[in-house]
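# An overview of the molecular structure
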Amino acid sequence: MRILITAVLVAAGIVVGAAVPAISAFVRGLLTSAGLPPAILTFAAGPPPGGKAPKDEANHAEGDGHDHGKAAAPKAEGAHAHGEHEHSEAEGEEGHVKMTAEQVEGQDIGVAKAEGGTLSRHVLVPGTITPDTDRIARVPARVVGTVSEMRKRLGDDVRKGEVVALLDSREVADAKSEYLTAMVQSDLQKINFERQQKLLASAAASQAAFDNAKAVFQENQLRVDLARQKLSALGLNAAEVAAAQKRDEATPNASTLRQYELRAPIAGRIVERKVDVGTAVGKEGDPADVYTVADLSTVWIELAVPTSDLAEVREGARVTVNRGGRSEQGKVVFVSPLLNADTRSARVVVSLPNKDMAWRPGTYVTAEVETATDQVPVRVAKSALQTVEGKRVVFVRTDEGFEKREVELGRSDDDGFEVVSGLKPGETIAVANTFLLKAELGKSEADHDH
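These notes cover the structure that comes with them. Each chain carries its own residue numbering, running from 1 in the written order of its sequence. Thresholds applied to this predicted model are a pLDDT of at least 70 for local features of residues and 80 or more for the giving and counting of side-chain atom pairs; totals over whole chains, interfaces and linings are not thresholded and use all residues. For the side-chain quantities, the full set of heavy atoms in the structure was used; hydrogens and water were omitted.

### Quick notes on the pairing of strand β8 (residues 259-263)
Relative accessibility thresholds used throughout: buried, under 20% of the residue-type maximum; exposed, over 50%; partly exposed, between the two (1.4 Å probe, protein chains only). For the purposes of this entry, the term helix denotes a DSSP run of H or I that reaches at least four residues, the term strand denotes a run of E that reaches at least two, and both are numbered from the N terminus. Burial along β8 is one-sided: the residues Tyr-260 and Leu-262 are buried and none of Gln-259, Glu-261 and Arg-263 is. For strand β7 (residues 163-168) and β8, the ladder comprises five bridges, and the chain directions are antiparallel. Its bridge partner lying in β8, Leu-166 is registered against Glu-261. Two strands form a pair only when DSSP identifies at least two bridges running between them.

### Some words on the sheet that holds strand β6 (residues 157-158)
What the four strands build is an open sheet, ordered β4-β11-β9-β6; its pairing is antiparallel. Each edge of the sheet is formed by a strand with only one pairing partner; in this case those strands are β4 (136-140) and β6. Bridge count for β4 against strand β11 (residues 289-294) is five bridges, and the pairing is antiparallel. In the sheet register, Ile-136 faces β11, and the bridge partner there is Ala-294.

### Notes on the packing of aromatic side chains
Side-chain rings of Phe, Tyr and Trp, where Trp is taken by its six-membered ring, are said to pair if the distance between their centres is within 6.5 Å; with planes under 30 degrees apart they count as stacked, over 60 as edge-to-face, and otherwise as tilted. With the rule as written, the count across this model stands at two aromatic pairs. Considering the side-chain rings of Phe-193 and Phe-217, the 5.5 Å spacing of their centres and the 5° angle between planes classify their relative orientation as stacked. Pair noted here: Phe-193 is in helix α6 (residues 170-201) and Phe-217 is in helix α7 (residues 207-233), with a separation of 24 residues, a long-range link. When sorted by exposure, Phe-193 lands in the same class as Phe-217, which is buried. Three or more aromatic residues joined by ring pairs make a cluster, and in this case those are Phe-193, Phe-210 and Phe-217. Any Lys NZ or Arg CZ found within 6 Å of a ring centre and within 35 degrees of that ring's normal is scored as a charge over the ring. Its guanidinium or amino end placed over the ring of Phe-402, Arg-397 lies 5.0 Å from that ring's centre, counting from NZ or CZ.

### Observations concerning the environment of Lys-382
Here Lys-382 shows up in the loop between β16 (364-381) and β17 (386-388). Given the relative accessible area of 37%, Lys-382 is considered partly exposed. Residues Lys-382 and Val-431, 49 residues apart in the sequence, show an inter-C-alpha distance of 8.2 Å. Apart from the residues within four sequence positions on either side, Lys-382 is in contact with Asp-413, Asp-414, Asp-415, Gly-416 and Phe-417. Should any heavy atoms of two residues lie within 4.5 Å, those residues are considered in contact.

### Comments concerning the side chain of Asp-374
Within the fold, Asp-374 resides in strand β16. A distance of 2.5 Å separates polar atoms of two side chains, one belonging to Asp-374 and the other to Arg-121. Ignoring any residue separated from it by four or fewer positions in sequence, one finds Asp-374 in contact with Gly-117, Thr-118, Leu-119, Arg-121 and Arg-411. Any N or O atom pair separated by 3.5 Å or less is treated as a polar contact, with the protein-specific requirement of one donor-capable and one acceptor-capable atom, and with residues adjacent in sequence counted only for side-chain atom pairs.

### Regarding the pattern of salt bridges
Oppositely charged side chains may form a pair once their charged atoms are brought near each other. Throughout this description, the term salt bridge denotes a Lys or Arg side-chain nitrogen within 4 Å of a carboxyl oxygen of Asp or Glu. Inspection of the entire model under this criterion finds 23 salt bridges. Here Lys-274 and Asp-289 are joined by a salt bridge, their closest N and O atoms 3.4 Å apart. Placement of Lys-274 in the loop between β9 (268-273) and β10 (280-281) and of Asp-289 in strand β11 is noted, with a sequence separation of 15 residues between them. A residue is classified by how much of its surface remains accessible, and Lys-274, at 34% relative accessible area, is partly exposed. Judged by its relative accessible area of 15%, Asp-289 is buried. What emerges from the salt-bridge pattern is a single network uniting Asp-132, Arg-135 and Asp-295.

### Thoughts on unusual backbone geometry
Even without being glycine, Arg-344 reaches a positive phi, approximately 55°. The class of Arg-344 is partly exposed, set by a relative accessible area of 48%. One non-glycine residue with positive phi stands out, namely Met-357, at about 60°. Residue position: Met-357 is located in the loop between β15 (345-353) and β16. By relative accessible area, which is 38% here, Met-357 ends up partly exposed.

By themselves, these are just geometric observations and shouldn't be taken as functional.
Right under this line is the structure:
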């Protein structure tokens, strides 16, 4: 009976020891206490992971009758299994991207210092380019006459005061003749007055003769003044008329008495020509202008701002005008106090520099009108920001490359964000091609998790 019980215990010990090696030491202890030889238990438990059981462990078990289980204990939890990858410090710390200066330059990763700046808010309004009405002038036919010469073609540049056309005018001839006649009479009466004054002093002439000579002289002086004012009203200079008369005396066949010069009132470009040579001008029904001159070095942008945005638009506000990839800065010069009854919008005029004449009147543009500005201690461009694991980060330049830095953002505009925390002024960060750093960071962290 005892033999049968022993056999059952041996079989049970073998099965349990094979299935659960971790408790085989406990089973061996029970069986040994029941009188089973230790050698049989060692055979039943099988060899240890190393291949064969150490001799000293067997001897120890025979010596005290207890199995401490040290030989069968598994390796420490921190040990790696065969073939498992071991990490080294050369792969970099988490959140860091190792990159040399040559690699940074080769991948066009732009860097800049984080600094304070201005956040601008604006409204977007369509507009149309028009000539600056303060820089448009017409060359008027100020007298009745006929066009005798046109000196400028359409599109020609002109200087202020330059002669652009000539008229043949009887009205001008009459005005010049009246002035020249008055001047001759004035000279004669002046001579007579001075002679009478000398005769009166020597008692050779009466007081009545002197007074008469004086009255005639003063009367002729008044005629000269009136004739001079008439010339001035026609845009003629009395001194130039007198000089031209002297030149005409030397060349009788080239009289300028009937000639009237039309001059450009401003510098600019001929944008319209309204008459031809031989056209009658100046009378009712005749063309009133000969040319139109425009200075397009500055143009206007006509905007129609809706009432919902009108309260935020101010005169003097900066405006960015965009068209086909080109951009230029202007400013608001006029905000109409009146609303258009049909569109319920107000007229807003923007003055825009046009030095290279690229902004042509009639072109449709888009205007960004600045409505407010906010100064912030740290401002970063949108291109400097990336999203990693749902958090906004920037990449701060380090001696070995870049460090991922989580930041808290505040206000924003079209180009940048305010950094509330996570970044200090003066720190150097990546501002261009930061997606390359994000990709490198993702590869580094994937290798680290392997």
